[in-house]
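Architecture and fold: a report
Single-letter residue listing:
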Amino acid sequence: MMHNAPSTLEQLLVEHALAQVLTRYATACDTRDWALLDQVFTADCTTVYGGSYICQGIDKVRYMISSHLDGCGPTQHLQGNLQVDARNPQAVRSKIQVRAAHKGLHERSGTRYDAIGFYEDEWLLQPQGWRIHKRSMSLLLEIGDRSVLQPAAKP
């Protein structure tokens, strides 16, 4: 549960910085720029997507995400309603709603899959800026055919 406290300038600056990182995440997914994930997650991060995809470390996170999106058509990861709890600078947490739309590729081009839910993140301030140290994605609703998510076809 996020704490609703009056905003301070420091709180607003943290929220803005986190929003920029979350935008980089969506951009990495939608452009397949996997190197950009280094500007999103800590090297030793832990993620849990949909309760079943557990990854330890940035390389495994990168592999998991790319193995779901590289064989997918266009995607759009929309995030909104960011809530940030930065009362303790050593334990910053956030929650953001997400809707990720995915279109099939090639023979699946008429197929679509949408994932609707939220990300709950725990953050660490690194020398290069804020990074997600722990992420949990909870799915509230899935629409369409999840088989749209797949690795790239081998040549």
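Quick caveat, the model's predicted, so the values are computed rather than measured.

About the cut-offs
Residues numbered from 1 in each chain as written. Predicted model: local features only at pLDDT ≥ 70, side-chain atom pairs only at ≥ 80, totals over all residues. Heavy atoms only, no water. Helix = DSSP H or I, 4+ residues; strand = E, 2+ residues; numbered from the N terminus. Rg over C-alpha atoms; globule rule 2.2 N^0.38 Å. Buried < 20%, exposed > 50% of the residue type's maximum accessible area, 1.4 Å probe, protein only. Contact = heavy atoms within 4.5 Å. Phe/Tyr/Trp six-rings, centres within 6.5 Å; stacked < 30°, edge-to-face > 60°.

A closer look at the overall build of the protein
Of regular secondary structure, the protein possesses 2 helices and 6 strands. In the protein, the succession of α and β elements from N to C terminus is α-β-β-α-β-β-β-β. Its C-alpha atoms give the protein a radius of gyration of 16 Å, within 12% of the compact-globule value 15 Å for 155 residues. Taken over 155 residues, the protein has a buried fraction of 41%. Contacts spanning at least 24 positions in sequence make up 57% of the contacts within the protein whose residues lie at least 6 apart.

Comments concerning the packing of aromatic side chains
One pass over the full model with this rule turns up 3 aromatic pairs. Ring centres 6.0 Å apart and planes at 85 degrees place the aromatic pair tyrosine 25 and phenylalanine 41 in the edge-to-face group. Residue tyrosine 25 is found in helix α1 (residues 9-31), and its partner phenylalanine 41 is found in strand β1 (residues 41-49); the two are separated by 16 residues along the sequence. Phenylalanine 41 shares its class with tyrosine 25; the two are buried. Look at tyrosine 49 and tyrosine 119: their rings are 6.3 Å apart centre to centre, the planes differ by 80 degrees, and that puts the pair in the edge-to-face class. With tyrosine 49 in strand β1 and tyrosine 119 in strand β5 (residues 112-126), the pair connects residues that are 70 residues apart, well separated along the chain. Each member of the pair, tyrosine 49 together with tyrosine 119, is buried.

Note that all results are geometric; they support no functional claim without further evidence.
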